[in-house]
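If you want the building blocks of each chain, they are given just below.
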Amino acid sequence: MNDYIIRGTAANDQVRFFAAYTKDVVETARQKHNTSPVATAALGRLLTAGAMMGSMCKNDSDVITLQIQCSGPIGGLTVTADSKANVKGYVNNPDVMLPPSKEGKLDVGKALDLGVLTVIKDIGLKEPYSGQTHLVSGEIAEDLTYYFASSEQVPSAVGLGVLMSKDNTVKQAGGFIVQLMPFADEEVINKLEERVNNISSVTEMLEKGMTPEDILKEVM
């Protein structure tokens, strides 16, 4: 499956959604930056989010930058994307190595630890728009969920995942962003919350062979 993004609306435009498959772009980044597994997972999640957030931009010339400054050993990450979802990024310490989390997974949260997420949108105005929030978990998906709610006042569900092979190449990568519009009614909000709370992780869904379309059916 080649990389791609799907986007659309549901529930009479009360919900908008984005879902992406990003294995190739994350593997390319891993090769170019020679990242460790946990650095690949962190950068891959942010690249996936950046591609989807870039595709939210309205104008061809718009550029979005996601920047994480943090106290953890990874040192920080930066990702830039345009409106066509072309995305690039780097990690400050690509060699970071950590033991697995207690769930046996790559410990991205520990790699980032405490810090700040900054989203900069250059949309052709005199000054770029900049929004900033503290990291709530360092897991990136939760941090972006918090950013959308607190900085842009858009209730959102964000899921991101990168799965590594035993040879440390990227096996799967992808994610989704689902957002409620301001006029969404209570029933739609409750149904969506219930669905999001009951879905499995993005990596589990990708490992089952689910496409971005399948993932959205699951989430919606």
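Higher on the page you've got the structure.
Reading guide: rules and limits
- All residue numbers refer to position in the chain's written sequence, counted from 1.
- The predicted origin of the model limits local features to residues at a pLDDT of at least 70 and limits the giving and counting of side-chain atom pairs to 80 or more, whereas totals for whole chains, interfaces and linings rest on all residues.
- Note that water and hydrogens are dropped before the side-chain values are worked out from all heavy atoms of the structure.
- What counts as a helix is a DSSP run of H or I of at least four residues, what counts as a strand is a run of E of at least two, and both are numbered from the N terminus.
- For this measure, only C-alpha atoms enter the radius of gyration; the expected value for a globule follows 2.2 Å times N^0.38, where N is the number of residues.
- Between buried and exposed lies partly exposed: a residue is buried under 20% and exposed over 50% of the maximum accessible area for its type, with that area taken using a 1.4 Å probe on protein chains only.
- Whether two residues are in contact is decided by their heavy atoms, any of which lying within 4.5 Å being enough.
- A strand pair is defined by DSSP finding two or more bridges across the two strands.
- To obtain each axis, a line is fitted to C-alpha atoms, and for helices this fit is confined to the stretch in contact; angles are then taken between N-to-C directions over 0 to 180 degrees.

Trainee: Teacher, can you tell me more about the overall build of the chain here?
Mentor: Within the chain, the regular secondary structure consists of 7 helices and 9 strands. Taken over C-alpha atoms, the radius of gyration comes to 16 Å for the chain, in line with the 17 Å a tight globule of 220 residues would show. Going through the 220 residues of the chain one by one, you find that 49% of them count as buried. Looking at the chain alone, contacts between residues at least 24 apart form 59% of all its contacts between residues at least 6 apart.

Trainee: Where do I start with unusual backbone geometry in this structure?
Mentor: Note: most residues except glycine have negative phi, and most peptide bonds are trans. Backbone geometry places N12, a non-glycine residue, at a positive phi of 55°. For N12, the location among the structural elements is in the loop between β1 (4-10) and β2 (15-21). Taking relative accessible area as the criterion, N12 reaches 71% and is therefore assigned exposed. Positive phi, close to 50°, is recorded for N34, a residue that is not glycine. Along the chain, the position of N34 falls in the loop between α1 (23-33) and α2 (37-54).

Trainee: Could you clarify how one ought to interpret the sheet that holds strand β5 (residues 87-91) in this entry?
Mentor: Hydrogen bonds between backbone groups are what pair the strands of a sheet, and the pairing can be parallel or antiparallel. Pairing is antiparallel in the open sheet, where 5 strands are placed in the order β5-β4-β3-β6-β7. Strands at the two margins of the open sheet, each flanked by one partner only, are β5 and β7 (129-134). On average, adjacent strands in this sheet sit at an angle of 10° to one another, irrespective of strand direction. Strand direction decides the pairing type here: strand β6 (residues 115-122) and β7, joined by 6 bridges, are antiparallel. In the strand pairing of β7, L117 is matched with T133. Sheet contacts for α2: β3 (63-70), β4 (77-82), β5 and β6; angle to β4, the most-contacted strand, approximately 30°.

Trainee: Is there a simple way to think about the sheet that holds β2 in this case?
Mentor: Here 4 strands make up an open sheet; going across it, the order is β1-β2-β9-β8 and the pairing antiparallel. A strand with exactly one partner marks an edge of an open sheet, and here the two such strands are β1 and β8 (156-164). Here the strands of the sheet are splayed against their neighbours by 5° on average, with no regard to which way each runs. Here β2 pairs with strand β9 (residues 170-180) via 7 bridges, running antiparallel. Bridged to F17 within β9 is V178. Of the strands in this sheet, β2, β8 and β9 are in contact with α1, which crosses β9 at around 125°.

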